[in-house]
Amino acid sequence: MSIGSYAQAAAVEHLWSHTIGIANRAIVTRGTDPGTGLPAQEQEAPGTAVAGIWGKHHFILTANHVLDEAVPDDLSFFVRPTGSLRQVSEVTIQDGLVALPLNDRDATIHRCGWEDLALLTTKPDALSPYLEFVDIASSWIDPQEGETVVGVGYPVSSGVIFRRQVGPCLQQAVLLCPMGFSGAVLPPTTGRNFGAFDPDRHYLIPYELANQGKHPKGISGAAVWGEAAEKHIVWTPRFKFAGICTSCYRDGTVEQIVKASVVRQFLLDVLGTPEK
């Protein structure tokens, strides 16, 4: 591996510690499996989230539509275990057993009424000791045109589908597999044909994995990050929160991101001024 490849791998591993995959069982779709003709049932709609801290509050932040119709008990979470990120080809059905319920009976969902954002307040030990909560109150940036942001999400196109027969039905399970992505902020004029785009609240980046046939469905709610400008003698991954992915355009080739400053306003509305 080159130095650049090592740096990219280190960055993805670091950001994975803040990243959560979400399976929402409140959204149930039924149909017929096209391969077998058997009744099929898909019980979970996936998305991505970030673990954050705002003063003394710990929370899981995502896009509102990822939590559509859900209460906390409807949700299960994919959190980084020990070890390194595995390639899609290495994922096995045993990895599907790591989806966790939230161990917090007081967890509460708060939905934004003016943007596609939602958060789940929780306690810091409700999921996994390997989950790291990032301080969004003090470390954030609204990137400018041309600046590159990076993220880690759980796209369905990079998942692995397992099927099993249960009585007369064929159940399908999609094992979420985290994947890094990046892109340079596009000019605001790129969004002039996108009705939901507001350059005061959003920015756009190319989703380059679409060129490999991978759609971004599933990365909704993923955080993106800008590299901190501070220089250090020894390089380590240092990033600032730069927003939340919420939607895509042009068959998945362009991703819309809610600016970090807008996300912070939502957090301020829900959680108040961060206490130190």
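Each remark here, short or long, concerns the structure printed above.
Residues numbered from 1 in each chain as written. Predicted model: local features only at pLDDT ≥ 70, side-chain atom pairs only at ≥ 80, totals over all residues. Heavy atoms only, no water.

What exactly am I supposed to notice about the nonpolar core here?
For soluble globular proteins, nonpolar side chains are generally found buried alongside one another. In this structure, F59, L61, W225, F241, I244, V263 and L267 are the most contacted members of the largest nonpolar core, which totals 23 residues. For this core, the secondary structure elements donating two or more residues are β4 (45-54), β5 (57-62), β16 (223-227), β17 (239-249) and α2 (260-271). Considering every element that reaches this core, the biggest residue donor is α2, with 6 residues. The contacts of W225, once residues within four sequence positions are left out, are L15, H18, V50, V134, T148, V149, V150, G151, F239, K240, F241 and A242. (Core = buried A, V, L, I, M, F, W, Y, C linked by side-chain atoms within 4.5 Å. Buried < 20%, exposed > 50% of the residue type's maximum accessible area, 1.4 Å probe, protein only. Helix = DSSP H or I, 4+ residues; strand = E, 2+ residues; numbered from the N terminus. Contact = heavy atoms within 4.5 Å.)

Help me understand the state of the cysteines, please; the structure alone is not making it clear to me.
Between two cysteines, a covalent bond joining their sulfur atoms is known as a disulfide. For the structure on display, the rule yields 0 disulfides. Free cysteine: C248, not disulfide-bonded; nearest cysteine sulfur from C245 at 10.0 Å. The exposure class of C248 is partly exposed, given its relative accessible area of 29%. (Disulfide = S-S within 2.5 Å.)

Just checking my understanding: could you explain the pattern of salt bridges for this structure?
Oppositely charged side chains may form a pair once their charged atoms are brought near each other. In the structure shown here, the tally under the stated rule is 3 salt bridges. Across the pair E275 and K56 runs a salt bridge, and its minimum N-O distance is 3.9 Å. Here K56 lies in the loop between β4 and β5 and E275 lies in the segment after α2, a separation of 219 residues in the sequence. Classification of E275 by relative accessible area gives exposed; the value is 53%. With a closest N to O distance of 3.3 Å, R105 and D73 form a salt bridge. A residue pair is termed long-range when its members are at least 10 positions apart, and R105 in the loop between β7 (100-101) and β8 (108-111) and D73 in the loop between β5 and β6 (75-79) qualify at 32 residues. Comparing R105 with D73, the two get one shared label, exposed. (Salt bridge = Lys/Arg side-chain N within 4 Å of Asp/Glu carboxyl O.)

Sorry if this is basic, but what is going on with the pairing of β8 here?
Strand residues, when the strand is regular, have side chains that alternate between the two faces of the sheet. Looking at chain direction, β8 and strand β9 (residues 118-122) are connected through 4 bridges and run antiparallel. Within β9, the position partnered with T108 by the bridge is T121. Between the antiparallel neighbours β8 and β9 lie 6 residues. (Pairing = 2+ DSSP bridges.)

Mind showing me how you'd approach unusual backbone geometry here?
Leave glycine aside and you will find that most residues have negative phi; peptide bonds, for their part, are mostly trans. Even without a glycine there, the phi angle at E69 is positive, about 70 degrees. The backbone of R250 sits at a positive phi, close to 50 degrees, despite the residue not being glycine. Structurally, R250 can be placed in the loop between β17 and β18 (254-259).

Is there a simple way to think about the sheet that holds β16 in this case?
Sheets are built from strands paired through backbone hydrogen bonds, the pairs being either parallel or antiparallel. If you trace the 6 strands from one edge of the open sheet to the other, you get β14-β11-β16-β17-β18-β15, paired in antiparallel fashion. Because the sheet does not close on itself, it has two edges, and the strands there are β14 (179-184) and β15 (202-206). Neighbour-to-neighbour, the strand axes of the sheet open up by a mean angle of 35 degrees, direction not taken into account. The pairing of β17 with β18 spans 6 bridges and is antiparallel. Across the sheet, C248 pairs through a bridge with E255, a residue of β18. (Axes fitted to C-alpha atoms, helices over the stretch in contact; angles between N-to-C directions.)

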